[in-house]
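Breakdown of the fold
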Amino acid sequence: MKLFYSPASPYARKVLVLAHETGLIDRITVTAATASPTGSAAEVAAHNPLGKIPALVLEDGIALYDSRVICEYLDGLSDGPHLFPEGSARWDALTRQALADGLLDAALLTRYERVLRPEERRWEAWEAGQTGKITAALDRFEAVVADMPVLDIGTIAMACALGYLDLRFPDLAWREGRPALAAWFAVVEGRPSMAATVPKG
Ligand code: GSH
């Protein structure tokens, strides 16, 4: 299986962390590719019409996207631990994944606004709105972190989201006022799956 990814992409990191945790990492060949709202690598667009990464191309040429679909597919292949729980725990895990991905969507939109949009066209209220979504998601995580399972797709998504904030938004100082979340992340980022996928770029 071939994974189009970028070393800075938190969504691609989710896939890689899950692949490490389920023992599937050796079955995946990673290919670095660029993706941007203003133009993505042709090879990415050839597999994902949205031009976004991650995209996973299977042995038979079928492409899977987005990160949620890829993670669930890989989890289904796993003979070891399963990170998409069954029963009522499933909806809790999927909702935490949605919250973490939503935090990331707001962070990515802010990043694109800061880096790609010409300065004279930037809209402060719009960036403030995205930052509000990020901080509201962080506050919710602070409130629920003590009751979370050690590892499921929701906690992986959260860990990747926090790692992305450290990479791109140190100015946000997300640990301030969120001691439980900070302590949780300090432990999680020490897992071999997280240490092997520290974002760069
Ligand atoms: N919902 C998607 C997922 O979970 O995979 C989001 C993927 C995404 O936005 N990836 C970014 C991207 O490809 C890179 S981190 N951006 C290019 C674009 O927005 O066109």
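Just so you know, these numbers come straight off a predicted model, no measurement behind them.

1. Focus: empty space enclosed by the protein
- This structure, assessed with the given rule, holds one cavity of 30 Å³ or more.
- Size it by volume and the largest cavity reaches roughly 30 Å³.
- In this structure, the largest cavity is lined by Val17, Leu151, Thr155, Ile156, Ala159, Trp184, Val188, Arg191 and Met194.
- It is helix H6 (residues 153-168) that provides the largest number of residues to the lining of the largest cavity, a total of three residues.
- Looking at the lining of the largest cavity, its residues break down into seven nonpolar, one polar and one charged.

2. Digging into the domain arrangement of the protein
- Looking at the assigned domains, one finds that the protein contains domain 1 (2-77) and domain 2 (88-191).
- Computed over C-alpha atoms only, the centres of domain 1 and domain 2 are separated by 20 Å.
- Counting residues at the interface gives 16 residues for domain 1 and 18 residues for domain 2.
- Buried area between domain 1 and domain 2, summed over both chains or domains, comes out near 1,400 Å², and the portion from carbon and sulfur atoms is 64%.
- Contact with domain 2 buries area across many residues of domain 1, yet Pro10, Tyr11 and Lys14 alone supply 37% of it, more than any other trio.
- Counting every contact that joins domain 1 to domain 2 gives four salt bridges.
- Asp101 is the salt-bridge partner of Arg68, the closest N and O atoms lying 3.8 Å from each other.
- Summed over the shared surface of domain 1 and domain 2, the number is five residue pairs in polar contact (both at pLDDT 80 or more).
- Secondary-structure elements contributing two or more residues to the side of domain 1 that touches domain 2 are helix H1 (10-22) and helix H3 (67-77).

3. Some points on the environment of Arg96
- Here Arg96 shows up in helix H4 (residues 88-115).
- The sequence separation of Arg96 and Glu176 amounts to 80 residues, and the corresponding C-alpha distance is 21 Å.
- Ignoring sequence-local partners within four residues, the contact set of Arg96 consists of Phe141, Met148, Pro149, Asp152, Gly154 and Thr155.

4. Regarding the environment of Met158
- Within the secondary structure layout, Met158 lies in helix H6.
- On a C-alpha basis, the gap between Met158 and Phe185 in space is 9.0 Å, while along the polypeptide they are 27 residues apart.

Cut-offs applied
- Residues numbered from 1 in each chain as written.
- Predicted model: local features only at pLDDT ≥ 70, side-chain atom pairs only at ≥ 80, totals over all residues.
- Heavy atoms only, no water.
- 1 Å grid on protein atoms, 1.4 Å probe; cavity = no way out; pocket = protein on both sides within 12 Å on 5 of 7 lines; lining within 4 Å.
- Points joined across faces, edges and corners; volume = space filled by probe spheres on them.
- Helix = DSSP H or I, 4+ residues; strand = E, 2+ residues; numbered from the N terminus.
- Nonpolar A, V, L, I, M, F, W, Y, C, P; charged D, E, K, R; others polar.
- Domains from an automatic or database assignment.
- Contact = heavy atoms within 4.5 Å.
- Buried area = accessible area lost by both parts, 1.4 Å probe.
- Salt bridge = Lys/Arg side-chain N within 4 Å of Asp/Glu carboxyl O.
- Polar contact = N/O pair within 3.5 Å; in protein donor to acceptor, adjacent residues only side chain to side chain.

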